[in-house]
Structure formats: structure tokens, C-alpha cells
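# Structural description and commentary
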Amino acid sequence: MTFTFSAHVPDRDVDVTFTVASGETVALLGPNGAGKSTVLAVAAGLIRPDKGEITLDGRPLTTTGGSGRHAWVAPHDREIALLAQDPLLFPHLSVLDNVEFAPRARGVARSRAHATARHWLDQVGVAELADRRPSQISGGQAQRVAVARALAADPRLLLLDEPMAALDVAVTPALRQTLRSVLAERSVVLVTHDALDALLLADTVIVLDRGRIVEQGPAAEVLTRPRSAFAARIAGLNILRGTWHGDRVQTPDGATIQGMVDGDSPRDGDTAVAVFSPSAVSVFRDPPGGSPRNVLAARVTEIEPHGDRIRVRAAGLSADVTAQAVAELDLVPGAAVTFSVKATEVAVYRS
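Residues numbered from 1 in each chain as written. Predicted model: local features only at pLDDT ≥ 70, side-chain atom pairs only at ≥ 80, totals over all residues. Heavy atoms only, no water.

Ranked by size, the top nonpolar core spans 35 residues in total, and within it Leu121, Val145 and Leu158 carry the most contacts. Where this core is concerned, the elements lending two or more residues are β7 (80-83), α2 (95-105), α3 (110-123), α4 (139-152), β8 (157-161), α5 (172-182) and β9 (188-191). The residues contacting Leu158, other than those within four sequence positions of it, are Ala81, Ala150, Leu151, Leu183, Ser187, Val188 and Val189. Listed in part, the 30 residues of the second largest apolar core include Met1, Phe18, Ala34 and Ile80. (Core = buried A, V, L, I, M, F, W, Y, C linked by side-chain atoms within 4.5 Å. Buried < 20%, exposed > 50% of the residue type's maximum accessible area, 1.4 Å probe, protein only. Helix = DSSP H or I, 4+ residues; strand = E, 2+ residues; numbered from the N terminus. Contact = heavy atoms within 4.5 Å.)

Here's what the structure looks like:
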């Protein structure tokens, strides 16, 4: 399955072309007004572009302008499911009936639709809510139900428009883990403002700005070595990718880092990522003692202002320190330093 998207929407100043391979998750990042939701609306058939060609596994969904050929497939017949920030559950139906509605709308027999709905409610971890109405469940639970309903429709392509944006911060990690599980090997386009969502859920990141693609590439590469201003802004995290051994992440260059596991614990040999903020990093000329810390030897490559702090970059990592610390430690490009961060400041995720 390959999804190809090329569309020009002049009244929104959006002109975007990209491809989603079979089983690939593509994350769209960008500032408000960059055109991300417009792209999803065009893909779903809710907006007709002035010029464009959109296909799903070779089947033309939208063809208009320029070529002389025209095609338009209605939204309900595209085999594409769109999940928005608002779950949009039917208030008069039970949770089970909400999820069952998707396959029933495709003509699936009631008994089979019922089994499908039960399956997906179990997969997203809310099977016990089947008989409740939407007014009787929390926002996080409602979004899980919405995910189940989207998947019950058995879409060839799933579109997610900031599915966690409206959720409480305490609920987000659990839903993120659910999405990591149920989206595996599915073809997905995900709109998000969260660098962690892009890192953990996406294979490819596309950065949009003013309706145009300004950066594109593997998620880890874009988020650790951003070239666009927006990607650099949201990627303000240190990210170390490696292999889980015992109780720590070991990177390909031999560095190790311990942290607090978020979600399912990795098994030995699993790919894992350690994530921490530059503000959590202390910089030393010599390795520090004291409380248990992760220490990473590095050589300074850049020093630049960052708000009221100074950002020190070394070995692909960043630390935010005061101007006084820069002067006292004589931090200049080329200086050998030790970055130190407490394990309690590091979040570890199975990747």
C-alpha cells in the first residue's frame, strides 16, 4: 500500500507533495497555520484542491487541474479514517455501539461488527467501558474509544489530527503507549506539536511552514539535527537512541545512560531511547562525584544564546547554563567537558 499526496490549495496557500509507504507513519510538524490540518482534510476528501493528485495503492482518490483527467472519491468511500482532537462520539450510543457503527456503516453483518468492536475496545484497553455512554467516561477514555472506532473501520490509511492535544498531561503517556501498539505496521499520517510523539510514533517527519515542506527525513534525524527553525524549537530535547542492556540504554558509540522507564519496560536487546531536557544537564570540566548521575564525555562544538541562558552543544547533546558558568568554566568550541544528568531527569522509552 502506497499513499501519494500532491495538492495545491491557493486560498489557504498550501502546496504540498509527499508519499506514505506501506506500514509507515509520517508525522506532520509545523507552527499554527502551517497547513497541517488542511493536508489531512484534503487527504480525507473534506476539501477539494484546485490542483492535485492523490492516490491510495494506485487508486485515484482526487485528480484535478492541469492533466485534463478528473477523479473524486467521496470521503466515506476512500478507505481512509480521520481521527480529530475531539473524539466526536455519538452521545446517544453506548461505547460499544459507537465502535460498532464504523464496520456497520461499511455493510458488515451485525455479529461480525459486534466482534470487531469488542476486539478493538480490548486492544485500546477500555473493554470494560463497552456498556457506558460517552458522558460517563473521561476524556482520555473517550479518545481511546475514538481510536478503536477508527480502527474498526479497517482503513487503509489512518489520519490523526493531534489526538492527544486536548488531553490532561497525566493521561497522555498511556494513550501514547496505546497508539504505539495499535499503529504498528499501519500506514498513518499524524499531525502533532509534540516532539516526543513524533519520535516515538513516526518513522518519517515532515516539517511544514507557510504551506510548504521545509524539512523532511527520518524522525530521529530531523529531531536531533533539525535544519528548520520550527523543528529546532520543538526538538529542544536531548535524545539518545541505543539498545537496552540491564538497566540502561547503550548507544552505538559505547555511551550508557540510566533513566526512569516510561510505559512498558524494554527487554535486553530492545531498541530504546533516553530523553532529557537541556535544562537538566550540568556541565563540568572534570567528571563529578556525589549522587548517582549519568556522565557523558564530550567536546564543545557550539555556544549560543538561548533566552536568558546559554546553550552549550557537544556530541549532539545540549545543555543550558548561565553566562557565569560559561565564563567560569572557560567554555569555548573545542573544550573537553563532561555533561552530567541525574537518572531521575531522564525518561526512557522502548522504541
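Past the structure itself, the notes keep going.
On domain assignment, one finds that the chain holds domain 1 (3-234) and domain 2 (238-350). Here the C-alpha centre of domain 2 lies 33 Å away from the C-alpha centre of domain 1. The interface of domain 1 with domain 2 comprises 9 residues on the first partner and 9 residues on the second. Here domain 1 packs against domain 2, burying approximately 770 Å² in sum over the two surfaces, 60% of which is carbon and sulfur. For the pair domain 1 and domain 2, the interface holds 0 salt bridges. Class assignment of the residues belonging to the side of domain 1 that touches domain 2 gives a composition of 6 nonpolar, 2 polar and 1 charged. (Domains from an automatic or database assignment. Buried area = accessible area lost by both parts, 1.4 Å probe. Salt bridge = Lys/Arg side-chain N within 4 Å of Asp/Glu carboxyl O. Nonpolar A, V, L, I, M, F, W, Y, C, P; charged D, E, K, R; others polar.)

So, on to the pattern of salt bridges. Side-chain pairs of opposite charge can arise whenever the charged atoms involved come near each other. Under the definition given, this model contains 11 salt bridges. Note that Arg212 and Asp13 form a salt bridge whose closest N and O atoms lie 3.1 Å from each other. Here Arg212 is found in strand β11 (residues 212-218), whereas its partner Asp13 is found in the loop between β1 (3-9) and β2 (14-20), with 199 residues between them in sequence. For Arg313, the salt bridge identified is with Glu304, shortest N-O distance 2.8 Å. On the basis of relative accessibility, which here comes to 26%, the residue Arg313 falls in the partly exposed class. Taking the relative accessible area as the measure of exposure, Glu304 reaches 26% and is therefore partly exposed. When salt bridges that share partners are traced, they join Asp57, Arg59, Asp77, Glu79 and Arg156 into one network.

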